[in-house]
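# Observations on the model geometry
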Amino acid sequence: GGGSVFGSPVMPGVIRGGHPAATVPPPPAAALVTLSGAALKAQAQHRVITLEAAIQANPHDLAAWEARIREALLAGTTEEASPEDVFERVVKQWPYAPRIWSMYAEWAEGEGTALGSAVYRRCLQQVPNLELWLSYLGFCKRLLPLEDVLHAYAQAVDLLGTDSRGGLLWAEYLALLKHTYNVQQKKDNPDAETSGKLLAEDTNPIEAARRNAKPAIRQRIERTKAANVSDDEFLRVGAVLKIGNEFMRRTFQRAASTAHSALDKLWVGYEQFEKSQGNPPLAQKLLAEHMPRFVRGKAAFKELQGLCNGMDYAALAMPITPKTAVQQTKLFEKWRGVLQFEQTNPLRLDRKDLQARVTLLFQQAALGCAYHAELWHDFAEWLDLGGQREEATACLRRAVERFLPRDLTLRLMAAQRHELAEVPLSAANMEAAEEEYQKLLEEMPKPCPLALINYLAFVRRQRGGGDFRSAFVEAIESSPHCTWEVYAFAAQTEYHIFGSSDAACKVFRLGLERYGEREPSLLAAYVNFLISTNDLRSARAELSRGVLDRLQAAVRDKMSKRSDPRLEESLAFLWQKWSRLERYFGDAASVRRCASFRDEEFRSLQKDQEVEEDAIVETPAAFGLAMTISEVEEGFRFQHLKPEGVRRMPKVLDTGAEASASSSPASPKAAGAVVPPAAAKAAAPAPNGAAPGAA
């Protein structure tokens, strides 16, 4: 043909290269249109397929979702998925995204007033965003009757009147109220204008919105009662809403005593209103009473301007990834600064008003920072401080159900709230706490020993020792969350709660039978326990046995020309702990035996391996199993005190409080262990309390 569907256009009758093509007649114009339409449709379908693939790969790809919306709007109802279908998918994925809801509502407004109103009603209360509400007010001013417009403004200032960016909101609301008030004054007093009873008016925001509306919207308005914004309608609505002197005074005082950009203008309006009442002493008294609030509002607004400088109010909450972490953290720190400032109560509000003001700020911060667990913790704490326990519980539930289902801290907080809700604990709250713990154990990544440990502690607190032991036995037999830390916790519980050192030792031995070779930290925890109960003999026996077992395995590996860095590191780890024990709590003979133990046992082990006498290596150095200077220094360490020389030393991972009965043997740090790098990685708790090395 004479044109290229996918390439650059070609002149009819000319082939590529510019030579005449007399034998190829130009196609009819209708054919060109058909080809062009088909090509455009194919290209659109390709774009949609590409965007759907991107969305499926990453449901939080906001750019892909917004592009998908644009494609749906371009295609209209000709596509299989209508714009409404696409919008519904988007708001399901982003239920708290102001700009997504605004796009949806603006499209719905074009489809019909009822549909637009329905979309706004779904999102306004759950998304306290100023831009979204201003979009809704624009919709109301264009299409709804005057009474509904004033109702909408009253709702907006009730919800967002304390927003530091709410100056325009207050100014437009008062512009409508002042006109309503003036119309009433003119009716009641023909001389109102000359007697100074009327208030200075501003531009009518309804008329301004309708002048700027699209022609189709203006035509729709003319066919409804919303078109009536005459003075008679203002008079009628004023009577219905009882917009009189007290109503105006309360509204002016609210508007002029918070922190926003229109304070000066609204204060001037308030002064004029009070002076127009014809009672100068009362006007002076009321203005003097409210002047300090106005001054504090201005000072607070100035401070907030600095704190909010650069704040991205349109940001949507995204999961924190390496790519988004810096931006998300900056936004969260901005909001945290604002929240900390507002909690100091710079406006000196009463408790109820302060609670509402700060709660709104937390809700607004969550629109962009919902994946920061700190925000939800602080929000719940704030609600608790104000006596709103049920709201605090609902806040945490929303956080874990919608945004952070795998955040162990928030989930444990939510479960504990039911347990601590009352004294004595009711059956309903007991059941609710049990349900929360069971859901936690089902839904957390496996293994998550800290979740299981907290559940066992809950069972012990609420049901006693018998149920605790039954739950522990069931856990070690079947729970995917069971790791060596669970055994250490159960052993400590037997000793510290039920006073049985024998039962504690039995639990430790059970754990060592299951994990002993793989987890030197469990042996260290057991040794810590023995030291805390003053059973040094058993502590020495366990350490020497642990060192010997690992030395034997290491010799076998070396003789077979194998290498296991983790085994060698755990050998050093346990020897250091034994060395410290003897040096600080043993006699000279014990120190001497410990110091020579590795060399002597090393030689004995070679004989056991039937190594010829003249081939026996005197020390482990040749096999890389000898003590380093760092290990010797660790042997001299006591808690945080260490004989470091001028060399650059690796960081010590714990404080080594092996003689402290209060140290927890559930981790290498509490066990008084210096963990070499690989062993530290194996022994350190993983995210969300997962077992070491299992995260």
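Residues numbered from 1 in each chain as written. Predicted model: local features only at pLDDT ≥ 70, side-chain atom pairs only at ≥ 80, totals over all residues. Heavy atoms only, no water.

Our focus in this paragraph is the overall build of the chain. Along the backbone of the chain there are 30 helices and zero strands. Considering the chain as a whole, with its 695 residues, one finds that 48% of them fall into the buried category. Relative to all contacts within the chain whose residues are 6 or more apart in sequence, the contacts with residues 24 or more apart total 60%. For the chain, the accessible surface area stands at approximately 34,800 Å², while carbon and sulfur atoms represent 54% of it. (Helix = DSSP H or I, 4+ residues; strand = E, 2+ residues; numbered from the N terminus. Buried < 20%, exposed > 50% of the residue type's maximum accessible area, 1.4 Å probe, protein only. Contact = heavy atoms within 4.5 Å. Areas by Shrake-Rupley, 256 points an atom, 1.4 Å probe, with all protein chains shown as cover.)

Put simply, Lys446 and Pro447 share a cis peptide bond, and its omega is 0 degrees. Assignment of secondary structure puts Pro447 in the loop between helix H20 (427–443) and helix H21 (449–463). The phi torsion at Asn345 lies on the positive side, around 60 degrees, for a residue other than glycine. Position of Asn345 relative to the elements: it lies in the loop between helix H15 (325–343) and helix H16 (351–369).

Note that Tyr495 resides in helix H23 (residues 484–496). According to the relative accessible area criterion, Tyr495 is partly exposed, its value standing at 26%. C-alpha of Tyr495 to C-alpha of Thr533: the two residues are 38 residues apart in sequence and 9.6 Å apart in space. When neighbours within four sequence positions are excluded, Tyr495 is seen to be in contact with Ser500, Ser501, Ala504, Phe529 and Thr533.

Take the packing of helix H25 (residues 520–532) against helix H27 (residues 565–585) next. At a minimum axis separation of 10 Å, H25 and H27 run at an interaxial angle of 10 degrees. Comparing the axis directions of H25 and H27 gives the class roughly parallel. Contact residues: Pro520, Ser521, Leu523, Ala524, Val527, Asn528 and Ile531 in H25; Ser570, Phe573, Leu574, Lys577 and Leu581 in H27. Grouping the amino acids of the contact of H25 with H27 by side-chain chemistry returns eight nonpolar, three polar and one charged. (Axes fitted to C-alpha atoms, helices over the stretch in contact; angles between N-to-C directions. Parallel < 35°, antiparallel > 145°, perpendicular 65-115°, else oblique. Nonpolar A, V, L, I, M, F, W, Y, C, P; charged D, E, K, R; others polar.)

Time to look at the confidence of the model for the chain. Note: predicted coordinates in regions of low pLDDT should not be interpreted at a detailed level. Chain-level pLDDT for the chain is 83 on average; 83% of the residues reach the 70-or-more range. Under a pLDDT of 50 for its full length, residues 1–25 has, in the predicted model, 19 contacts with residues more than four places off or in other chains. Taken together, the stretch residues 649–695 has pLDDT below 50 and engages in 117 contacts with residues farther than four places along the chain or on a different chain. (pLDDT = per-residue confidence, 0-100.)

Further remarks concern helix H19 (residues 408–419). Taking 1.5 Å of rise per residue, twelve residues should cover 16 Å, and H19 covers 17 Å from first to last C-alpha, within 8% of that figure. Those residues of H19 that sit buried are Leu408, Leu410, Arg411, Leu412, Ala414, Ala415, Arg417, His418 and Glu419. Capping the start of H19 is the job of one residue whose side-chain oxygen sits 3.3 Å from the backbone nitrogen of Thr409: Asp407. (Expected span 1.5 Å × (residues − 1). Polar contact = N/O pair within 3.5 Å; in protein donor to acceptor, adjacent residues only side chain to side chain.)

Following both chains from N to C, one finds helix H8 (residues 167–188) and helix H12 (residues 245–255) inclined at 160 degrees, their axes separated by 11 Å at the closest point. Of the possible angle classes, the one that applies to H8 and H12 is roughly antiparallel. Seen from above, H8 lies across H12 with left-handed handedness. Where H8 approaches H12, its residues Trp170, Tyr173, Leu174, Leu177, Lys178, Tyr181 and Gln185 are matched on the opposing element by Asn245, Phe247, Met248, Thr251, Phe252, Arg254 and Ala255. (Left-handed = near helix turned anticlockwise from the far one by under 90°.)

If you trace the backbone, Arg514 turns up in helix H24 (residues 501–515). Judged by relative accessible area, which is 34%, Arg514 ranks as partly exposed. Sequence separation between Arg514 and Thr483 is 31 residues; the distance between their C-alpha atoms is 9.5 Å. If near-sequence neighbours (up to four positions away) are discounted, Arg514 is found in contact with Ile476, Cys482 and Tyr487. Polar contacts involving the side chain of Arg514 include one to the side chain of Tyr487, which spans 3.1 Å. Of note is the side chain of Arg514, whose polar atom sits 3.2 Å from the side chain of Tyr515.

Scanning all chains against the criterion turns up 29 aromatic pairs. Each ring, one from Tyr136 and one from Phe139, has its centre 6.4 Å from the other, and the planes form 25 degrees; the classification is stacked. With Tyr136 and Phe139 both in helix H6 (residues 130–143), this residue pair falls three residues apart, about one helical turn. Each residue in the set Tyr181, Phe252, Trp267, Tyr270, Phe273 and Phe294 is aromatic and connected to the rest through ring pairs, giving one cluster. When the ring centre of Trp382 is taken as origin, the NZ or CZ atom of Arg351, which lies over that ring, is 4.9 Å away. (Phe/Tyr/Trp six-rings, centres within 6.5 Å; stacked < 30°, edge-to-face > 60°. Lys NZ or Arg CZ within 6 Å of the ring centre and 35° of its normal.)

The end-to-end C-alpha distance of H27 is 30 Å, a good match for the 30 Å that 21 residues give at a rise of 1.5 Å each. In terms of burial, H27 is largely enclosed, as 15 of its 21 residues are buried.

Once that is clear, we can look at the environment of Ala227. By the element assignment, Ala227 lies in the loop between helix H10 (215–222) and helix H11 (231–241). Placed 82 residues apart in sequence, Ala227 and Pro145 show a C-alpha to C-alpha distance of 7.2 Å. Not counting residues within four places of it along the chain, the set of residues in contact with Ala227 comprises Arg210, Ile221 and Glu222.

With that settled, consider the side chain of Glu434. Position of Glu434 among the secondary structure elements: in helix H20. The buried category is assigned to Glu434, whose relative accessible area is 16%. At 2.4 Å, the side chain of Glu434 forms a polar contact with the side chain of Arg463. Those residues in contact with Glu434, other than ones at most four positions away along the chain, are Tyr455, Phe458 and Arg463.

On the surface, a cluster of nonpolar side chains totalling about 420 Å² of accessible area is made up of Tyr584, Phe585, Ile629, Val632 and Phe636. If you list the elements that add at least two residues to the nonpolar patch, you get H27 and helix H29 (629–636). At three residues, H29 tops the list of elements feeding residues into the nonpolar patch. Residue position: Val632 is located in helix H29. Residue class for Val632 comes out partly exposed when judged on its relative accessible area of 30%. (Patch = residues over 30% accessible without salt bridge, like charges linked within 9 Å, V, L, I, M, F, W, Y side chains within 5 Å. Salt bridge = Lys/Arg side-chain N within 4 Å of Asp/Glu carboxyl O.)

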